[in-house]
Amino acid sequence: MAGPIRTIPTMCPMNCLPTLCGMLVDVQDGELLGVRGDKDNPDSQGFLCVRGQASRQIIGNPKRLLKPLIREHRSDDAWQEVSWDEALDLTAGRIAAAGREATALWSGHGNLANNSGLSVGSQMLARFANLYGCQNWNPAMICWGLGGFGAGLTGALKINTKEDMGANAEFIVLWGANLASQPNTARYLMAAKKRGARTMIDRAEANRWFEGLPRFESRTEATA
Ligand code: SF4
């Protein structure tokens, strides 16, 4: 007889920072039955985008790789299943042959992002690179990685929240932003628009608006 269905509150594992939608996962006898948005999550309020909904296909997917594959030359049918020891020996041998100065590690964006910011696999790789003395490349996707860097440089992360923006901003520029990947920000953007705040999403439109402003250096002189 089938056991009871348990519902576990968690976060979307796709982890498109800083969205992190709340997720409810239904499990029965250790089997994943489905995922849905968590209405009690104060931020996402039940929203799960198509990527979040598709995340259930990761668990138990027969196409998921469970054993290492290696190939000696580049063709689709050259992959051969090997043991973990063989894969490790091959990797260690290639690294030793190249030397640490010619070795760089890259964990891949999925490994970095798919465990809600802990990035354990990615950080283990960085630790190995530190101990061994080779390079380690940050695998953040260029889109949100650089976007986050820009927001940090301009101080926006320290003084603003999306709630603050929704309640108080009079003019909002979403420069090259992808709102499809920022649904929890979009809610506050709509709130600001309802208050009468001016918003610009299109990059070309924002550029036209900035063209009409004095250059930054001129404004600094005027202030002084
Ligand atoms: S926007 Fe989509 S992928 Fe990103 S955390 Fe929310 S449900 Fe997951």
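Each residue is numbered by its place in its chain's sequence as written, counting from 1. For this predicted model, a pLDDT threshold of at least 70 governs which residues receive local features, and a threshold of 80 or more governs which side-chain atom pairs are given and counted, while totals over whole chains, interfaces and linings are taken from all residues. Computation of side-chain values: all heavy atoms of the structure, hydrogens and water removed.

1. As for the packing of aromatic side chains
Rule in force here: Working definition: a ring pair exists when centres of Phe, Tyr or Trp rings (six-membered ring for Trp) sit within 6.5 Å. Plane angles under 30 degrees give stacked, over 60 give edge-to-face, the rest tilted. Helix numbering and strand numbering both begin at the N terminus, where a helix is a DSSP run of H or I of at least 4 residues and a strand a DSSP run of E of at least 2. We call a residue buried when its accessible area falls under 20% of the maximum for its residue type, exposed when it is over 50%, and partly exposed in between, using a 1.4 Å probe and counting protein chains only.
Taken as a whole, this structure holds one aromatic pair when the rule is applied. Taken together, a centroid distance of 5.7 Å and an interplanar angle of 15° make the contact between phenylalanine 128 and tyrosine 132 stacked. On the criterion of helical spacing, the pair formed by phenylalanine 128 and tyrosine 132 is a turn pair, its members being four residues apart in helix α4 (residues 120–132). The class of tyrosine 132 is partly exposed, set by a relative accessible area of 27%.

2. Observations regarding the pairing of strand β3 (residues 31–37)
The line we're drawing: Being paired, for any two strands, means DSSP has found at least two bridges between them.
In this structure, strand β2 (residues 22–28) lies alongside β3, joined through six bridges in antiparallel fashion. Among the inter-strand pairings, methionine 23 is bridged to a residue of β3, identified as glycine 37. Linking β2 back to β3 in an antiparallel pair, the connection comprises two residues, with aspartate 29 at a positive phi of about 50°.

3. Remarks on the sheet that holds strand β1 (residues 5–11)
The cut-off we apply is this: Angular values range over 0 to 180 degrees, each being the angle between N-to-C directions of two axes fitted as lines to C-alpha atoms, with helices fitted over their stretch in contact.
Taking strand neighbours across the sheet as the criterion, the three strands line up as β1-β2-β3 in an open arrangement whose pairing is antiparallel. Each of the sheet's edge strands pairs with one partner strand only, and the pair in question is β1 and β3. Averaged over all adjacent pairs, the angle separating strand axes in this sheet is 25°, with direction ignored.

4. Description of unusual backbone geometry
Its identity is not glycine, yet aspartate 29 carries a phi of approximately 50°, on the positive side. Take aspartate 29: it is sitting in the loop between β2 and β3. Positive phi, close to 50°, is recorded for glutamine 45, a residue that is not glycine. Among the structural elements, glutamine 45 can be located in the loop between β3 and α1 (50–54).

5. Looking at the pattern of salt bridges
Cut-off, in case you're wondering: Salt bridges are defined by distance alone: a side-chain nitrogen of Lys or Arg within 4 Å of a carboxyl oxygen of Asp or Glu.
Enumeration according to the criterion identifies five salt bridges in this entry. We note a salt bridge from glutamate 81 to lysine 67, for which the minimum N-O separation is 3.9 Å. Here glutamate 81 is found in strand β5 (residues 80–81), whereas its partner lysine 67 is found in the loop between α1 and β4 (69–70), with 14 residues between them in sequence. The partner of lysine 162 in a salt bridge is glutamate 163, with the nearest N and O atoms 4.0 Å apart. Assessed through its relative accessible area of 24%, lysine 162 is described here as partly exposed. Note on glutamate 163: relative accessible area 37%, which makes it partly exposed. If you follow the salt bridges from partner to partner, you end up with Asp43, Lys162 and Glu163 in one network.

6. Details of helix α8 (residues 183–195)
What counts here: Multiply 1.5 Å by the residue count of a helix minus one, and that product is the helix's expected span. When checking whether two residues touch, look at their non-hydrogen atoms; a contact exists if any pair is within 4.5 Å.
Between its terminal C-alpha atoms α8 stretches 19 Å, which fits the 18 Å expected from 13 residues at 1.5 Å a residue. Among all positions of α8, only Pro183, Asn184, Thr185, Ala186, Tyr188, Leu189 and Ala192 are buried. The secondary structure elements touched by the buried residues of α8 are α7 (162–168), β8 (171–173) and β9 (198–200). Just downstream of α8, glycine 196 is the residue with a positive phi angle, here 105°.

7. A look at the confidence of the model for the protein
Our working rule: What pLDDT expresses is the predictor's confidence in each residue, scored from 0 to 100.
Chain-level statistics for the protein give a pLDDT mean of 79 and a share of 70% at 70 or above. Within the model, the stretch residues 213–224 combines pLDDT values under 50 with one contact to residues more than four positions away or in other chains.

8. Considering the environment of arginine 195
Under the convention used in this document: Here a polar contact is recorded for every N or O atom pair within 3.5 Å, except that within protein the pair must consist of a potential hydrogen donor and a potential acceptor, and residues adjacent in sequence are included only if both atoms are side-chain atoms.
Tracing the backbone through its elements, the reader meets arginine 195 in helix α8. Residue class for arginine 195 comes out partly exposed when judged on its relative accessible area of 36%. If near-sequence neighbours (up to four positions away) are discounted, arginine 195 is found in contact with Met165, Gly166, Ala167, Asn168, Ala169 and Glu170. At a separation of 2.9 Å, a polar atom in the side chain of arginine 195 contacts the main-chain carbonyl oxygen of glycine 166. From its side chain, arginine 195 meets the backbone oxygen of alanine 169 in a polar contact 2.7 Å long.

9. Observations regarding the side chain of aspartate 38
For clarity, the threshold we go by: Note on charges: Lys and Arg go in the positive column, Asp and Glu in the negative column, and His and the chain ends are not counted at all.
By the element assignment, aspartate 38 lies in the loop between β3 and α1. Although aspartate 38 is buried, it forms no salt bridge, and the closest oppositely charged side chain is arginine 36 at an N-O distance of 7.5 Å. Residues contacting aspartate 38, with those up to four places away along its chain left out, are Pro9, Gly22, Met23, Leu24, Ser44, Gln45 and Gly46.

10. Some remarks on the nonpolar core
Filter applied, for reference: Here, the term nonpolar core denotes a set of buried Ala, Val, Leu, Ile, Met, Phe, Trp, Tyr and Cys residues that are joined through side-chain atoms within 4.5 Å.
Within the largest apolar cluster, eight residues are counted, these being Met165, Ala169, Ile172, Leu174, Tyr188, Leu189, Ala192 and Ala197. With three residues, α8 is the single largest residue contributor to this core. One finds Cys12, Met23, Val25 and Val35 within the second-largest nonpolar core, a separate group that totals seven residues.

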